[in-house]
Amino acid sequence: TLIELLVYMGIFSVMMLLATSSVFYLQKIIQSNNQNYYAKSLIYQNLNILQQHLNTSRVQITEGELRLYSETGDVVVTQRLDHNQLRNHYGDKNFVISENLDIQEYSLVLTAKNRVLKITISWLDSRGKQQSITEELIVINHIL
């Protein structure tokens, strides 16, 4: 009857409310994961570029700035943190690696007798939480 119909409608609306809220919550989680994947993808692309140059370069770290030198002593690549953005400088070209990232930390350390470059990059994700990546790149041809 009418009372049963109202009870069933109430139960159905509560179930639909739970279902839609869980779908929106899952969508938010997926969006956050996609943004984190995008950020890590940008950082790993940059690390791949650096690793290619490390095969034939001499490495120097000065005041948080990474410089890669060729055999002739010319600067090949310079990378630094500039206004919370990673900036690469190649000869006469200058571009930002992490355009949509809010990088909080960029630290560089040479270890293992200057044969390993340890890079730590931290950034704020879309939720405002700090994410971090630490990678070690091998300096294959460290020119003395």
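Our structure is the block above this text.
Analysis parameters
- Residues numbered from 1 in each chain as written.
- Predicted model: local features only at pLDDT ≥ 70, side-chain atom pairs only at ≥ 80, totals over all residues.
- Heavy atoms only, no water.
- Helix = DSSP H or I, 4+ residues; strand = E, 2+ residues; numbered from the N terminus.
- Contact = heavy atoms within 4.5 Å.
- Core = buried A, V, L, I, M, F, W, Y, C linked by side-chain atoms within 4.5 Å.
- Buried < 20%, exposed > 50% of the residue type's maximum accessible area, 1.4 Å probe, protein only.
- Salt bridge = Lys/Arg side-chain N within 4 Å of Asp/Glu carboxyl O.
- Pairing = 2+ DSSP bridges.

1. Description of the environment of Ile-61
Here is step 1: With respect to the helices and strands, the residue Ile-61 is situated in strand E1 (residues 58-62).
Here is step 2: Separated by 26 residues in sequence, Ile-61 and Gln-35 have C-alpha atoms that sit 30 Å apart.
Here is step 3: Ignoring anything within four residues of it in the chain, the contact list for Ile-61 reads Leu-66, Leu-108, Val-109, Leu-110 and Leu-117.

2. What about the nonpolar core?
Here is step 1: Judged by nonpolar contacts, the single largest core of 24 residues is most densely connected at Leu-66, Leu-117 and Ile-119.
Here is step 2: Those elements that provide at least two residues to this core are helix H1 (2-54), strand E2 (65-69), strand E4 (85-90), strand E6 (102-111), strand E7 (116-124) and strand E8 (130-138).
Here is step 3: Among the elements that line this core, the one with the most residues is H1, at six residues.
Here is step 4: Those residues in contact with Leu-117 that sit more than four places away from it in its chain are Leu-54, Ile-61, Leu-66, Leu-108, Val-109, Leu-110, Glu-135, Glu-136, Leu-137 and Val-139.

3. Details of the pattern of salt bridges
Here is step 1: Taken as a whole, this structure holds five salt bridges when the rule is applied.
Here is step 2: As a salt-bridge pair, Arg-80 and Glu-65 come within 3.5 Å of each other at their nearest N and O atoms. Of the two residues, Arg-80 is situated in strand E3 (residues 75-82) and Glu-65 in strand E2; the sequence distance between them amounts to 15 residues.
Here is step 3: Glu-65 gets classed as buried once you look at its relative accessible area, which sits at 13%.
Here is step 4: Its salt-bridge partner being Arg-127, residue Asp-125 comes within 3.2 Å of it at the nearest N-O pair.
Here is step 5: Relative accessible area serves as the criterion here: at 8%, Asp-125 is assigned to the buried category.
Here is step 6: Judged by its relative accessible area of 47%, Arg-127 falls in the partly exposed class.
Here is step 7: A single salt-bridge network, built from bridges that share partners, covers Glu-65, Arg-67, Arg-80, Asp-82 and Arg-87.

4. Some details on the pairing of E3
Here is step 1: Here E2 pairs with E3 via four bridges, running antiparallel. Pairing of Arg-67 across the sheet is with Thr-78, part of E3.
Here is step 2: Linking E2 back to E3 in an antiparallel pair, the connection comprises five residues, with Gly-73 at a positive phi of about 95°.
Here is step 3: Examined bridge by bridge, E3 and E4 share five bridges and lie antiparallel to one another. When the bridges of E4 are listed, Asp-82 appears paired with Gln-85.

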